[in-house]
Amino acid sequence: MRIIRGKYGRRRFDVPSNISARPTTDFARENIFNVLENIVDLEGARALDLFAGTGAISFEFLSRGCAEVTAVEKASVQYAFIRKVAQQLNADNLRLLRGDALRFIQTCTATFDIIFADPPYDMPGFAEVPAAILGSQMLHPGTVVVVEHSRKHDFSALPGFREHRAYGSVNFSIFEVPLPAEA
């Protein structure tokens, strides 16, 4: 795993061979972060990484200046890897939670400036994840939500849809909660 840019940029970490996550490719991650940096100011932002996997997205957020990142990961191997990397980076502004991301979406009352979700593509109920996030209490005006998905999904009819981006076989749907003047 490579952190692309920012204060941890160019750092590499060996991902355990028994990890079951499908990490976002470096190419796709670099491009989606270029898009995000033109939509939202990451400096000082509060970010949420759902289905955190290897933590690559969380560490990219931290590296690019987010004040605080919450990462939710259920699998013990991935959770341990994220914890280990956070310790190596001395990233004390990473709040790592081991648990079910869907339950977190339903129960979390904290709000975030940016939410990134990369559920397993074969997860039962995958298609309902974006609507669950957009209907949650985790949003405030201006919150940006990014959902990574395969090309077989089209989330453009959901409220707040802003744009779709594709980088190879990796697709992202980007949503933005309107500011009161834009509503």
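Residues numbered from 1 in each chain as written. Predicted model: local features only at pLDDT ≥ 70, side-chain atom pairs only at ≥ 80, totals over all residues. Heavy atoms only, no water.

Burial of helix H2 (residues 56–63) is extensive: eight of the eight residues sit out of reach of the surface. Taken residue by residue, H2 has Ala 56, Ile 57, Ser 58, Phe 59, Glu 60, Phe 61, Leu 62 and Ser 63 as its buried positions. Gly 65, located one to two residues past H2, shows a positive phi value of around 105°. (Buried < 20%, exposed > 50% of the residue type's maximum accessible area, 1.4 Å probe, protein only. Helix = DSSP H or I, 4+ residues; strand = E, 2+ residues; numbered from the N terminus.)

With respect to the helices and strands, the residue Pro 120 is situated in the loop between strand S4 (114–117) and helix H5 (129–134). Judged by relative accessible area, which is 38%, Pro 120 ranks as partly exposed. Placed 117 residues apart in sequence, Pro 120 and Ile 3 show a C-alpha to C-alpha distance of 21 Å.

With that settled, consider helix H1 (residues 26–37). For H1, with twelve residues, the first-to-last C-alpha span of 16 Å sits near the 16 Å given by 1.5 Å per residue. By the burial criterion, the buried members of H1 are Ala 28, Arg 29, Ile 32, Phe 33, Val 35 and Leu 36. Down the axis of H1, the smallest arc covering the buried residues is 155°, so these residues share one side. Elements that come into contact with the buried residues of H1 comprise H2, S4, strand S5 (144–149), strand S6 (161–167) and strand S7 (170–176). (Expected span 1.5 Å × (residues − 1). Arc of directions from axis to C-beta. Contact = heavy atoms within 4.5 Å.)

Turning next to the pairing of strand S3 (residues 94–98). Where strand S2 (residues 68–73) meets S3, five bridges bridge the pair, whose relative direction is parallel. Paired with Val 69 across the strands is Leu 94, a residue of S3. Regarding topology, helix H3 (residues 76–89) serves as the crossover connection from S2 to the parallel S3, and that connection is right-handed. (Pairing = 2+ DSSP bridges. Right-handed = clockwise from strand over helix to strand, strands pointing away.)

Counted according to the given criterion, the structure contains six aromatic pairs. Measuring from ring centre to ring centre gives 5.1 Å for Phe 33 and Phe 61, while their planes differ by 65°; the resulting arrangement is edge-to-face. Of this pair, Phe 33 sits in helix H1 while Phe 61 sits in helix H2, and the two are 28 residues apart along the sequence. The class for Phe 61 is buried, based on a relative accessible area of 0%. Seen from their ring centres, Phe 161 and Phe 175 are 5.8 Å apart, and the 75° between their planes marks the pair as edge-to-face. Of this pair, Phe 161 sits in strand S6 while Phe 175 sits in strand S7, and the two are 14 residues apart along the sequence. Through pairs of rings, three or more aromatic residues link up here, namely Phe 27, Phe 116, Tyr 167 and Phe 172. In this structure, Arg 46 packs its charged tip against the face of Phe 112, placed 5.2 Å from the ring centre. (Phe/Tyr/Trp six-rings, centres within 6.5 Å; stacked < 30°, edge-to-face > 60°. Lys NZ or Arg CZ within 6 Å of the ring centre and 35° of its normal.)

Before going further, it helps to examine the packing of H1 against H2. Axis separation between H1 and H2 bottoms out at 12 Å; the angle between their running directions is 45°. Compared by their axis directions, H1 and H2 come out oblique. For the element pair H1 and H2, the recorded crossing hand is right-handed. Of the residues in H2, those touching H1 at Arg 29, Phe 33 and Leu 36 are Ala 56, Ile 57, Glu 60 and Phe 61. Residues of the contact of H1 with H2, tallied by class, amount to five nonpolar, no polar and two charged. (Axes fitted to C-alpha atoms, helices over the stretch in contact; angles between N-to-C directions. Parallel < 35°, antiparallel > 145°, perpendicular 65-115°, else oblique. Left-handed = near helix turned anticlockwise from the far one by under 90°. Nonpolar A, V, L, I, M, F, W, Y, C, P; charged D, E, K, R; others polar.)

This paragraph deals with the layout of surface pockets. By volume, the largest pocket is sized at about 410 Å³. If you trace the largest pocket, you find 26 residues lining it, with Phe 51, Gly 53, Glu 73, Asp 118 and Pro 120 closest to the centre. Broken down by secondary-structure element, the contributors of at least two residues to the lining of the largest pocket are H2, S2 and helix H4 (101–107). When its residues are assigned to classes, the lining of the largest pocket shows 13 nonpolar, seven polar and six charged. (1 Å grid on protein atoms, 1.4 Å probe; cavity = no way out; pocket = protein on both sides within 12 Å on 5 of 7 lines; lining within 4 Å. Points joined across faces, edges and corners; volume = space filled by probe spheres on them.)

In terms of nonpolar packing, the biggest core is built from 41 residues, with Phe 59 and Phe 61 touching the most fellow members. Breaking this core down by element, the ones donating at least two residues are H1, H2, S2, H3, S3, S4, S5 and S7. In terms of residues, this core owes the most to one element, H3, which gives six residues. The contacts of Phe 59, once residues within four sequence positions are left out, are Met 1, Ile 3, Tyr 8, Thr 54, Ile 82, Val 85, Ala 86, Leu 89 and Leu 94. Phe 51, Phe 112, Ile 115 and Phe 175 belong to the second-largest nonpolar core, a separate cluster that totals 23 residues. (Core = buried A, V, L, I, M, F, W, Y, C linked by side-chain atoms within 4.5 Å.)

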